[in-house]
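# Commentary on secondary and tertiary structure
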Amino acid sequence: MAAPQILRHRTPDDLAHAVAARLVTRLVDVQTTGRVPSLVLTGGSIAVTIHEAVAGSPAAGAVDWKSVDVWFGDERFVPAADPDRNVGQAAQAMLDHLPFDPARIHAVPPSDGDYGDDVDAAAEAYADDLRRAAGGGTTPAFDVLMLGIGPDGHCASLFPGRSEMYDERPVVAVRDSPKPPPTRVTLTMEPLKRAHEVWWVAAGEEKAQAVHDALTAADVQQVPAAGPSGTERTLWFLDDAAASKL
Ligand code: 6PG
C-alpha cells in the first residue's frame, strides 16, 4: 500500500480547487478505460466548498457526468428536505449543476422515505444498492473515496470508541452520534479500505491534531481516520492550518 501523499494548500479555496482539478482528471482517466467511475462524497463544510469548485471547474466539460456513479460515505438520517442531508448539500453545490444521471446518484433513504423512521431498514437498503453495484462483493472498489475528518478523529460517521466501525456489515445505523444530527447511516471500516484512492479533505486549525494523529496513530479504535487508505493511493488535501502539526 502506497504511503499517503500530503498536499498542502494556502487556503480552503485553494484546497477545493486542487481537489476539483484532480477529480476531473481522475474521472476522465477512468472513463477513458471504458469504465463508469464510482465516486464517494463526504459530508461536512469543506466538502461543500469542494463541490462548488467542481461545479465551477472550467474543465468540468471533459467528464461524461451522466456516466459517474455517486455514493456517500455516510448520511444524516433526516427527512429528504432537511438541510442537514449530505445528498441535499451535494445537490445544491454540485449535483444539480452538472449533467449527472439521477439513477446513478445513490442516496441513503431519508427518514421520511420508503422505510420511514426505520434507520436499520434504510441502512440495509443502501447496503443492497451497494451490493448490486459491487459485482460479487458487498461494496464496489470505489475509484475515489472522499473523506472529511472531525476534530476527534472521526471519519464518515465512525466515531472514536464506538463499535460501528468493526461491525461485520458494510453499512450500519449510528444512533446518538457525538456529531449532530444524532441518527446516521455510515459505511463501516472495511468498505472504506476497499477504494482504489482515498482522498482526505481537511481545513482549519481545529483539524490539525486529528490529522497528525490519523497519520501517526496505531489505534484506529481511538482515531478512526487512521484506518482508511487507498489500495493504490491515499491523498491528504490540507490547508496550511490543518497541516500545521505535521
Ligand atoms: C458528516 C461527515 C463527517 C464530516 C466531518 C468533517 O456527515 O458529518 O461525513 O465525517 O466529513 O465531520 O466535517 P467538517 O468538514 O464540517 O468539519
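Let us look at the structure shown here. (Residues numbered from 1 in each chain as written. Predicted model: local features only at pLDDT ≥ 70, side-chain atom pairs only at ≥ 80, totals over all residues. Heavy atoms only, no water.)

The next thing to look at is the pattern of salt bridges. Per the counting criterion, the structure on display carries 15 salt bridges. Notably, a salt bridge pairs R169 with D167, separated by 2.6 Å at the nearest N-O pair. Shared partners join several salt bridges into a network, and the residues in it are R26, R35, D143, E197 and R233. (Salt bridge = Lys/Arg side-chain N within 4 Å of Asp/Glu carboxyl O.)

A word on the pairing of strand β9 (residues 233-239). Of all 7 residues making up β9, 6 are buried, and the element is well covered by its neighbours. Relative to β9, strand β1 (residues 5-9) runs parallel, the two being bridged by 5 bridges. From the neighbouring strand, R8 faces β9, where its bridge partner is L238. Sheet topology places strand β8 (residues 197-202) next to β9; 6 bridges connect them, and they run parallel. If you follow V198 over to β9, its bridge partner there is T234. Of the crossover connections in this fold, the one passing from β8 over helix α6 (residues 208-216) to the parallel β9 is right-handed. (Buried < 20%, exposed > 50% of the residue type's maximum accessible area, 1.4 Å probe, protein only. Helix = DSSP H or I, 4+ residues; strand = E, 2+ residues; numbered from the N terminus. Pairing = 2+ DSSP bridges. Right-handed = clockwise from strand over helix to strand, strands pointing away.)

In this section: the nonpolar core. Of all hydrophobic cores here, the largest spans 72 residues; its most connected members are I50, W65, L95 and I149. For this core, the leading source of residues is helix α1 (residues 12-32), giving 7 residues. (Core = buried A, V, L, I, M, F, W, Y, C linked by side-chain atoms within 4.5 Å.)

Turning our eyes to something else, we now look at the packing of aromatic side chains. This model, assessed by the stated rule, comprises 4 aromatic pairs. Ring centres of W65 and F100 lie 5.0 Å apart, and the angle between their planes is 55°; on these two criteria the pair is classed as tilted. With W65 in the loop between α2 (45-55) and β3 (69-72) and F100 in the loop between α3 (86-95) and α4 (119-134), this pair connects stretches of sequence that are 35 residues apart. Note on accessibility: W65 and F100 belong to one class, buried. Ring geometry for W200 against W236: centres 4.7 Å apart, planes inclined by 10°, an arrangement best described as stacked. (Phe/Tyr/Trp six-rings, centres within 6.5 Å; stacked < 30°, edge-to-face > 60°.)

Attention now moves to the site of the ligand. Near the ligand there are 15 residues, and of these S45, D74, H154, A156 and K207 occur at the shortest range. Within the contact set of the ligand, an oxygen atom lies 3.1 Å away from a side-chain nitrogen or oxygen of N86. Between the ligand and the protein, one listed contact pairs an oxygen atom with a side-chain N or O atom of H154 at 2.6 Å. When the ligand is considered free in solution it has 420 Å² of accessible area, and contact with the protein chains removes 91% of it. Of all the secondary-structure elements, those providing two or more residues to the shell around the ligand are α2 and β4 (74-76). Residue classes in the shell around the ligand are distributed as 3 nonpolar, 7 polar and 5 charged. (Near = heavy atom within 4 Å. Polar contact = N/O pair within 3.5 Å; in protein donor to acceptor, adjacent residues only side chain to side chain. Areas by Shrake-Rupley, 256 points an atom, 1.4 Å probe, with all protein chains shown as cover. Nonpolar A, V, L, I, M, F, W, Y, C, P; charged D, E, K, R; others polar.)

For α2, the full list of buried residues reads I46, A47, I50, H51, A53 and V54. One face of α2 carries all of its buried residues, which in axial projection span an arc of 160°. Where α2 is buried, its residues contact α1, β2 (38-41), α3, β5 (144-147) and β8. (Arc of directions from axis to C-beta. Contact = heavy atoms within 4.5 Å.)

Turning to the sheet that holds β4, a few remarks are in order. Pairing in this open sheet of 3 strands is antiparallel, and the strands run β4-β7-β6 from one edge to the other. Bordering the open sheet on either side are β4 and β6 (171-174), each of which pairs with just one other strand. Across the sheet, the mean angle from the axis of one strand to that of its neighbour is 15°, orientation sign disregarded. Strand direction decides the pairing type here: β6 and strand β7 (residues 184-187), joined by 4 bridges, are antiparallel. Bridge assignment links A173 to a residue of β7, and that residue is V185. The sheet strands contacting α4 are β6 and β7, and the helix crosses β6 at an angle near 160°. (Axes fitted to C-alpha atoms, helices over the stretch in contact; angles between N-to-C directions.)

With that out of the way, let us pick up the packing of α2 against α3. Where α2 contacts α3, the two axes come as close as 8 Å, and the packing angle between them is 30°. As far as their axial angle goes, α3 and α2 are roughly parallel. Across from V48, H51, E52, V54 and A55 in α2, the residues of α3 making contact are Q89, A90, A93 and M94. Considering only residue class, the contact of α2 with α3 consists of 6 nonpolar, 2 polar and 1 charged. (Parallel < 35°, antiparallel > 145°, perpendicular 65-115°, else oblique.)

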